[in-house]
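Summary of the model geometry
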Amino acid sequence: MSRQRSGDAGQLLATLPASVRQRNPQLPATTAPARRAPRKAPQDTVARRGGAAARASCASLESWLAAAHDAMRAAGVADVAKVGPPSEPLRVGHRILYRATGAAPPDYLGTLAGGRAVAVEAKRRAGRLRRDRWRMVDGRRVEDRDGIEDHQREALALWERMGALALVVVEFRRARATTRHAVPWGALDAAWVERDGVWSVGPQDLAAWVVDGPAYLAAWSSGARS
């Protein structure tokens, strides 16, 4: 197994905003990695993958997360993968299809360097992220597509109670800018703002959790070890 060099972690940790560092004083200070020949510099790979995350930002949150997870995996910060709901095969004519047999877990599951489990739910909103999936309109129960499904909230709360890092990564797309925020479930659940009887959050409510680069899990990871 190849060893990850500390330059990889430094490259990723350098992308953390000052607000995250203030909340996590245990993080190591970032220093410039030693100069090496290009063929021996793994941080070049991390930089390229981080650049892929930036380019993917114009495509989709899922593409950005995939590139970010590749970069952090290469740096030894975290190993996170996309997961789906439990399913079973179903024969339709000459084809085999798969149908869901239960509620899906959080969108991404994995492990941080140091061994802590991580669960990530990804949300993309043009408006505000609402707390509830259902709300009452004129005495009727109406589904709110901008809300979080009940089973997702329950799963995140359970993972957090079990000691895992349970995060919601929410992307707010606005005409002027797109921002991404990586918020622990407990912090998000305390940040809801009530407007006209609906609990929700927007980018300003989650400003302390803005993600500036692909290393969005580095604040909670023990970091790459040399």
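Report follows, based on the coordinates. (Residues numbered from 1 in each chain as written. Predicted model: local features only at pLDDT ≥ 70, side-chain atom pairs only at ≥ 80, totals over all residues. Heavy atoms only, no water.)

Before going further, it helps to spend a moment on the sheet that holds strand β11 (residues 193–195). Judged by pairing direction, the sheet is antiparallel, and its 3 strands sit side by side in the order β6-β12-β11 without closing on themselves. At either end of the open sheet lies a strand with only one pairing partner, and these are β6 (129–130) and β11. Pairing of β6 with strand β12 (residues 198–201), which is carried by 2 bridges, proceeds in the antiparallel orientation. Bridged to L129 within β12 is V201. (Pairing = 2+ DSSP bridges. Helix = DSSP H or I, 4+ residues; strand = E, 2+ residues; numbered from the N terminus.)

With that settled, consider the environment of W185. Within the element layout of this structure, W185 appears in helix α6 (residues 185–189). Considering only alpha carbons, one finds W185 and L165, 20 residues apart in sequence, at a separation of 8.4 Å. Ignoring sequence-local partners within four residues, the contact set of W185 consists of I148, R153, L156, A157, E160, A166 and V168. (Contact = heavy atoms within 4.5 Å.)

Positive phi, normally seen in glycine, also occurs at D196, with a value near 55°. Note on placement: D196 falls in the loop between β11 and β12. Residue class for D196 comes out exposed when judged on its relative accessible area of 83%. (Buried < 20%, exposed > 50% of the residue type's maximum accessible area, 1.4 Å probe, protein only.)

Once that is clear, we can look at the side chain of H69. Following the sequence through the fold, H69 ends up in helix α4 (residues 61–75). Take H69: its relative accessible area is 3%, and that puts it in the buried class. Leave out the neighbours within four places in its chain, and H69 touches V80, Y108 and Y216.

In this section: helix α5 (residues 150–161). The end-to-end C-alpha separation of α5 is 17 Å, in line with the 16 Å expected for 12 residues at 1.5 Å each. For α5, the secondary structure elements touched by its buried residues are β5 (117–125), β9 (165–173) and α6. Where α5 terminates, the next one or two residues include G163, which has phi positive at roughly 105°. (Expected span 1.5 Å × (residues − 1).)

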